[in-house]
Amino acid sequence: MGTYEGHLTGLLPLPEANETSVPAADQAAALTALVHEYSSTLYRVAFSISRNAAEAEDMVQETFLRVLRHRDRLPEIRDARVWLIRIVWNLVLDRKRRQKTRPENEDIADLVRVLPAKELRADQAVISAQRHARILALIDRLPRKEREALLLSALEELSNGEIAAVLSTTESSVRSRLFRARRDLATMIGSEKGLQ
Amino acid sequence: MMNPLPDCSDREHSALVDSTLALLRAAEPRMGLEQRVLARLASAPPPSWHRRFAAGPWMTRWMLTAATGVIVAGTVTYGVVHYRGAVPAPVPAAVSRPARPLRQEPVAAAASVGVPEHPLHAAAMPARHRGIRRTFRAQHARTVLPPGTVAPSHPHLLSAPQ
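**Quick look at the overall build of chain A**
Helix and strand counts for chain A stand at nine helices and zero strands. Ordering the α and β elements of chain A from the N terminus gives α-α-α-α-α-α-α-α-α. Expressed as a percentage of its 196 residues, the buried residues of chain A come to 33%. Sequence-distant contacts, at least 24 apart, represent 59% of the contacts inside chain A between residues at least 6 apart.

**Here's the deal with the nonpolar core**
Residues and elements named next belong to chain A. Counting 53 residues, the largest nonpolar core has Leu42, Ala46, Val60, Val88 and Leu185 as the members making the most contacts within it. Here the element with the most residues in this core is helix α2 (residues 24-50); it accounts for 11 residues. When neighbours within four sequence positions are excluded, Ala46 is seen to be in contact with Ala56, Met59, Val60, Val88 and Val92.

**Here we look at the confidence of the model for chain B**
Residues and elements named next belong to chain B. Mean pLDDT over chain B: 72, with 58% of residues reaching 70 or higher. Of all secondary-structure elements in chain B, the lowest mean pLDDT belongs to helix α6 (residues 132-139), at 59, while helix α2 (residues 33-43) reaches the highest, 88. The low-confidence segment residues 1-6, where pLDDT is below 50, has eight contacts with residues more than four positions distant or belonging to other chains. The ipTM value of the predicted complex is 0.71, and its pTM value is 0.58.

**Description of the confidence of the model for chain A**
Confidence along chain A averages 77 in pLDDT terms, with 74% of residues attaining 70 or more. Across residues 5-20 of chain A the pLDDT falls below 50, and counting only partners more than four positions away or on other chains, this stretch makes 26 contacts in the model.

**Details of the packing of helix α3 (residues 53-69) of chain A against α2(B)**
Across the interface, α3(A) lies against α2(B) with an axial gap of 10 Å and an inter-helix angle of 45°. As judged from the angle between their axes, α3(A) and α2(B) are oblique. As for the relative orientation of α3(A) and α2(B), their crossing is right-handed in sense. The residues of α2(B) that touch α3(A), namely those facing Glu57(A), Val60(A), Gln61(A), Phe64(A), Leu65(A) and Leu68(A), are Leu33(B), Val37(B), Arg40(B) and Leu41(B). Tallied by class, the residues present in the contact of α3(A) with α2(B) amount to seven nonpolar, one polar and two charged.

**Things to note about unusual backbone geometry**
Working note: non-glycine residues mostly have negative phi, and peptide bonds are mostly trans. All names here are of chain A. Even without being a glycine, Arg51 presents a positive backbone phi close to 55°. Along the chain, Arg51 turns up in the loop between α2 and α3. Overall, Arg51 belongs to the buried group, with 21 C-beta atoms counted inside 10 Å. Unlike most non-glycine residues, Ser168 shows phi in positive territory, near 55°. For Ser168, a count of 7 C-beta atoms within 10 Å puts it in the exposed group.

How each quantity is defined
Residues numbered from 1 in each chain as written. Chains lettered and ligands numbered in written order. Predicted model: local features only at pLDDT ≥ 70, side-chain atom pairs only at ≥ 80, totals over all residues. Helix = DSSP H or I, 4+ residues; strand = E, 2+ residues; numbered from the N terminus. Buried ≥ 20, exposed ≤ 12 C-beta atoms within 10 Å, placed from the backbone. Contact = placed C-beta atoms within 7 Å. Core = buried A, V, L, I, M, F, W, Y, C linked by C-beta atoms within 7 Å. pLDDT = per-residue confidence, 0-100. Axes fitted to C-alpha atoms, helices over the stretch in contact; angles between N-to-C directions. Parallel < 35°, antiparallel > 145°, perpendicular 65-115°, else oblique. Left-handed = near helix turned anticlockwise from the far one by under 90°. Nonpolar A, V, L, I, M, F, W, Y, C, P; charged D, E, K, R; others polar.

As structure tokens, then:
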């Protein structure tokens, strides 16, 4: 069985799925450019839901595999970034749904690793990580629509319009979801002891 | 809902949420993610024919589907026509049966046996005795016993004469 190795390195032509479409070399180049440009963004989107580095990386790879399968549609895509985020978003949600029986694993070690290392002693870092883990647990308790809007808003790269495109809704709906999410979160935080 | 942290303002709540969301934003993949992704893509097996078909342009898909449909319909039609032509239509088997007598009208049948009119069609029939009692009396004449004879009420119980 052949692989795409040759196709991507330009040794072999990509199988022609459509004679009138973009040439295979251009498709491979476009795909490689997408990988270089959006891998980190997709990783952050996946990580915001899964909060697991390995799983997030898996999702990024799976996303680009899907793009490879549907590479003929690349020229038709107007906003590749939103399209890719939508793919990885659905993939992560789907995987999370399937793993629902597994216990939630708040990986505090991962959080400590990404904490900014500004004059924080080790114990302060752990306390801060625990606090953030608690906030993330509260975010998980939000209604699904509000939670999704809030997590996507965490990525500064995405505007409300782009979040609306990812969630297949309107921009005003995204705004109201964000408002409700922050209001509910503030209520929940207020009722939590020992967060501050 | 009771708030155990009444001194925690909305702004502080919001700052807490923002700092947590900033963590998610700050998450960075391990070095070389792009290379790993490209390597994975390079080692991926080529898609199977049905995946390629599903991912192909819609015009190709429709044309192939229509062509398949036409071929299937043509094959079925051809098969049906040839099947009908090869097998003759079934012919009923010739079975000899005894000739049934011609049915006669009741009046004609009665006349053929010398009865002027069919009994069922006779308008006036003589009254007949109906019932067991009348029939018995009509059949058995009354027996006149000599005076002073007592008739047994149950003659079958009498002993037979010696």
